[in-house]
Structure formats: structure tokens, C-alpha cells
Amino acid sequence: MTSRHAAGRRLRAPRHARNLASHGAMRAVALVVTTVVVFGAAGGVAVAARMTGNVNGLDLDGLVDAAPTPEQAPDPADAHAGQPVNILVMGSDQRDGVNAEIGGDEEGMRSDTTILLHVSADRSRVEMVSLPRDSLVEIPSCTLTNGKTTKSQKRGMLNSAFAMGWDYGGDLESAAACTVNTVQANTGVPISNVVVVDFAGFQNMVNAIGGVPMCIAEDHYDEYTGLNITAGQHVLDGVTALQYARARHGTGFDGSDTMRAGRQQKLVANVANEVLSKNLLTDAGQLLQFLSAATQSVTTNLSVGDLTGLAFSLRGVSRDNITFMTVPWAPASSDRNRVEWTSAADELWANIAADVPMLGAPEVPEVPDVPDAPASDPGAPVAPPPTEPTPTDTKTPGVDAFTAADASVSC
């Protein structure tokens, strides 16, 4: 179910790649400055204590004033407080530099995974919807950074929007913007921000939290990605996690992108569980360290400060309110190797745009009125009281959704 947009020429390096060294240096400086400003006082006291401890043979008790207590580091601010946030997360299969060593050298760049991430305005819900790259959607005309425009398509594959932006614009900005335009046109959901994660970036994220615990249901082997893992409980490092996320062929796989999307969702769910279990969102220092490592190979229009503030604002979110699903789909009538979204997707997008739970509120059946029992023989048996109805499942029929709490179950 894979189709690659042909590239007849060697593409020039994108602007973000040509400026990688300068951008990397600026990002490093920004992180260092932020760390010094936020944690400088505490660090100074720690250094002084170590130096004092290294003085041998001197008893300074009673002679040295107590070290000043550093002020508590300020909590990072959420720049979008009180507003819903919609972030389009794209996994690219860029194949140059480190990424070529991981996935093999190849011309051009394609969108490997697309996820619409919704954060509710009250920061109580995080919802992620996978969009199969083989989805047949309307692709609008896109204006590229070089001034060119692409032709619109009434039914094109979703990932071809990214490919066209890259092939004809020659940079990541054009590719990402064309994908955002396509998703907004087909969902009606306004996209606030964009995050593009390449192979190396994904590995960095996993390694930054010390690996991801996963229950692997069956043995898997895929010669294309190098995945070779047995059934059972594992802690996946960055390399293995990426292999698991990319694999589609071989033992235990059916070759479809939709099956792979489901595995990617469970992988991301367990990453979320690990972040929550380590209390990274409640500790500004740990959070900054994690994001500095995780964003080394991530391209986004969010600043590290914005990411830190948004993540910190989610410190109280429950695992039961972190929900994953794939947009409702069916095999396309025109091509069984492609998919098209069903009518159930319309309500899904409307709910997300309105910032209400994407699967709707749980339905609570009405309690039937129980008439007063007529007077009866005192010796007659008493009927048990009616049981209280329980809320029905929030899942829409035909939609396979799960939460981070569901994914945390071990083998």
C-alpha cells in the first residue's frame, strides 16, 4: 500500500538543512542560557558545597555562614493557556546524513506518519488521531517558499501533499505547509503548530527516557528495518523502537500502513506512560533536560519554551484521558490498496474543532421510574432494588480507540 512520488532529479539540500549548524548552535545557546537563568542559583550553591568539602584538615564549623537557599525555579508558562492546541505531527523518512545510516540513502523526502494531536483548552485531555498515508483526500493548491504553486487534486494520497511540497519547493517548510493545508481542508480542524520528527529524532526521544516498556504479542522479524524481536515483555531502546514503528513486512505483519499505525499508537502511548511515571512533567528541570535531548532532531515552529510550557501544563492529565485512534476508514472503492475516510470521521473532526471529547460524551441511560409497590403481605419476599445503570462505552461503533492506561498493561 505504498506509493512513492517519483523524483527525477537530485534535490538540493533544504534551507533548514543548509542552516543546520547555525540553527543547532543557536538552539544550544538558548538551552544553556535558559538553564543558567532558571537553575543558576542552585548550581552555584552546589559547586560551593563541593569545593568546601574538598578542603582537607580544616574544621570550618561555626565559621562559615549557611549557604543561601536558592529561590525556587519558576514554573514554565503555557503560551497558549486557555486555548485548545492542535499540532500536526509528521514522521519524515528523510534519508541523508544520520538518517541515511538508519534507513538507507534515498532521494527526496516522504511523509511516513501523520498524527493530529489535540490538547483541550482546559488541559484535561490529549487526543491523537492517526491519518493513514494512503488515505485518498482532496489536496488543495499549495504555495511554496520559492513562489511556485502546486496543482490541486480531488483525490490524491495524503502523503503526496508532503512529497509535492518537498519535490517542487525543495524544502521542509513547503512540504509541511502543504500537508497542513491538506489536513485543514479535509478536517475543518485549525492546525496551531507543526512538528516533524525524523528517524534520528525518534530514536533520541526514546533513549532520552531510558527506553520504552512494551508487551510484544508475537515474534516479529522484518528484513527491511532489521527488526528481530520475540514475543514477551521488552524495554525497547531507540533503535529497536524505530524498527518496530517502521516495520510492515515479514513475520507478524500484513504489509498495511493501517496495521503499522496501530502499533505506532501503542508505542507512543507507552512513551507517554513512561514520561508520566518518571514525573517528567512535574519537574521543570527534568522536563527541560528531556526536551533538550528529545528535540535534537525535531523540526518545529514551537520554541523549546513553548514546548516546555505546554508539557508542564499537562502535568495533571490522567492516562485515561490520553486517547489514541485511527480516523475511521474503509478500503477505497476506486482502489482496494487505498483507504477513504467514512462518514464517522465527520463527527470526529467536528468534535475536535469544537474542543469536546473526540468520541463524544459517554451516554448515561436514564433510570426508569419504579412505581411504588402495592401493599403486600408483610411476610412476602422483598424484591431487590433495581441496579444503577453504568455509563456506556464512549467508543463509537467501528472505531478502535484506546487510552494510555489501556496500553500500560504488561504481558
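As a starting point, this report considers the structure included with it. (Residues numbered from 1 in each chain as written. Predicted model: local features only at pLDDT ≥ 70, side-chain atom pairs only at ≥ 80, totals over all residues. Heavy atoms only, no water.)

A few words on the overall build of the chain. If you tally the helices and strands in the chain, you get twelve helices and 15 strands. Considering only contacts within the chain whose residues lie at least 6 apart along the sequence, 68% involve residues at least 24 apart. Accessible surface for the chain amounts to roughly 21,200 Å². Of this, 54% is attributable to carbon and sulfur atoms. (Helix = DSSP H or I, 4+ residues; strand = E, 2+ residues; numbered from the N terminus. Contact = heavy atoms within 4.5 Å. Areas by Shrake-Rupley, 256 points an atom, 1.4 Å probe, with all protein chains shown as cover.)

Attention now moves to the state of the cysteines. The final tally for this structure, using the stated rule, is two disulfides. What pairs with Cys142 in a disulfide is Cys178, and their sulfur atoms sit 2.2 Å apart. Every disulfide takes its handedness from the sign of the S-S torsion; for Cys142 and Cys178 that torsion is 75°, giving right-handed. Taken together, the residues span a long stretch of sequence, with Cys142 in the loop between strand 4 (136-139) and strand 5 (153-157) and Cys178 in helix 5 (residues 172-187) at a distance of 36 residues. On the accessibility criterion, Cys142 (1% relative accessible area) is buried. On the accessibility criterion, Cys178 (1% relative accessible area) is buried. For the chain, the bonded cysteines connect in the pattern 1-2, 3-4 when numbered consecutively along the sequence. (Disulfide = S-S within 2.5 Å. Buried < 20%, exposed > 50% of the residue type's maximum accessible area, 1.4 Å probe, protein only.)

Two packed helices can be described by the angle between their axes and the distance between those axes. One can describe the packing of helix 4 (residues 158-169) onto helix 5 by two numbers: an axis separation of 7 Å at closest approach and a directional angle of 150°. Considering their axes alone, helix 4 and helix 5 lie roughly antiparallel with respect to each other. The crossing of helix 4 and helix 5 is right-handed. Across the interface between the two elements, Leu158, Ala161, Phe162, Gly165, Trp166 and Gly169 of helix 4 pack against Leu172, Ser174, Ala175, Ala176, Cys178, Thr179, Thr182 and Val183 of helix 5. (Axes fitted to C-alpha atoms, helices over the stretch in contact; angles between N-to-C directions. Parallel < 35°, antiparallel > 145°, perpendicular 65-115°, else oblique. Left-handed = near helix turned anticlockwise from the far one by under 90°.)

Taking 1.5 Å of rise per residue, 21 residues should cover 30 Å, and helix 8 (residues 257-277) covers 30 Å from first to last C-alpha, within 8% of that figure. With respect to burial, helix 8 is a largely interior element, 16 of its 21 residues being buried. (Expected span 1.5 Å × (residues − 1).)

Evaluated as defined, the whole model comprises four cavities of 30 Å³ or more. Approximately 1,200 Å³ is the volume attributed to the largest cavity. In terms of residue count, helix 8 provides more of the lining of the largest cavity than any other element does, six residues in total. In terms of residue class, the lining of the largest cavity is made up of 34 nonpolar, five polar and three charged. Forming the boundary of the second largest cavity are Asp112, Thr113, Thr114, Ser130, Leu131, Pro132, Arg133, Asp257, Arg260, Ala261 and Gln264. Among the elements of the structure, strand 2 (111-119) and helix 8 are those that each provide at least two residues to the lining of the second largest cavity. Grouping the amino acids of the lining of the second largest cavity by side-chain chemistry returns three nonpolar, four polar and four charged. (1 Å grid on protein atoms, 1.4 Å probe; cavity = no way out; pocket = protein on both sides within 12 Å on 5 of 7 lines; lining within 4 Å. Points joined across faces, edges and corners; volume = space filled by probe spheres on them. Nonpolar A, V, L, I, M, F, W, Y, C, P; charged D, E, K, R; others polar.)

Residues Val212, Met214 and Ile216 point to one face of strand 7 (residues 212-216) and are all buried, whereas Pro213 and Cys215, pointing to the other face, are not buried. Bridge analysis of strand 7 against strand 10 (residues 232-236) gives five bridges, and the strand direction is antiparallel. Bridge pairing in strand 10 links Val212 to Leu236. (Pairing = 2+ DSSP bridges.)

On the secondary structure map, Arg125 appears in the loop between strand 2 and strand 3 (126-130). For Arg125, the side chain forms a polar contact with the main-chain oxygen of Asp355, separated by 3.0 Å. In this view, Arg125 contacts His118, Val119, Ser120, Val317, Asn321, Asp355, Val356 and Pro357; residues no more than four positions away in its chain are not counted. (Polar contact = N/O pair within 3.5 Å; in protein donor to acceptor, adjacent residues only side chain to side chain.)

This structure, assessed with the given rule, holds five salt bridges. With a closest N to O distance of 3.1 Å, Arg125 and Glu127 form a salt bridge. Take Glu127: its relative accessible area is 4%, and that puts it in the buried class. Its salt-bridge partner being Glu274, residue Lys278 comes within 3.6 Å of it at the nearest N-O pair. What makes Glu274 buried here is its relative accessible area of 15%. Through salt bridges with shared partners, a single ionic network connects Arg125, Glu127 and Asp355. (Salt bridge = Lys/Arg side-chain N within 4 Å of Asp/Glu carboxyl O.)

Moving on, we get to the environment of Gly91. In this structure, Gly91 sits in strand 1 (residues 85-92). On the basis of relative accessibility, which here comes to 17%, the residue Gly91 falls in the buried class. With 21 residues separating them in the primary sequence, Gly91 and Asp112 have C-alpha atoms 5.2 Å apart.

Glancing now at helix 7 (residues 238-246). Judged by how many residues are buried, helix 7 sits mostly within the fold: seven of nine residues are covered. When we look at burial in helix 7, the residues that qualify are Gly238, Ala241, Leu242, Gln243, Tyr244, Ala245 and Arg246.

Our focus in this paragraph is the packing of aromatic side chains. In the structure shown here, the tally under the stated rule is two aromatic pairs. Judged by centre distance (5.3 Å) and plane angle (15°), the ring pair of Phe324 and Phe402 falls under stacked. On the criterion of sequence distance, the pair formed by Phe324 in strand 12 (residues 322-326) and Phe402 in strand 15 (residues 402-403) is long-range, its members being 78 residues apart. The pair formed by Phe324 and Phe402 is uniform in burial state, with each residue classed as buried. Ring plane angle 55° and centroid distance 5.7 Å describe the contact between Trp341 and Trp349, whose orientation is recorded as tilted. On the basis of relative accessibility, which here comes to 19%, the residue Trp341 falls in the buried class. Looking at Arg263, its charged tip hangs above the ring of Tyr244, at a distance of 5.3 Å from the centre. Sitting above the plane of the Phe402 ring, Lys266 keeps its charged end 4.5 Å from the centroid. (Phe/Tyr/Trp six-rings, centres within 6.5 Å; stacked < 30°, edge-to-face > 60°. Lys NZ or Arg CZ within 6 Å of the ring centre and 35° of its normal.)

Limitation: the analysis is restricted to geometry and does not speak to function.
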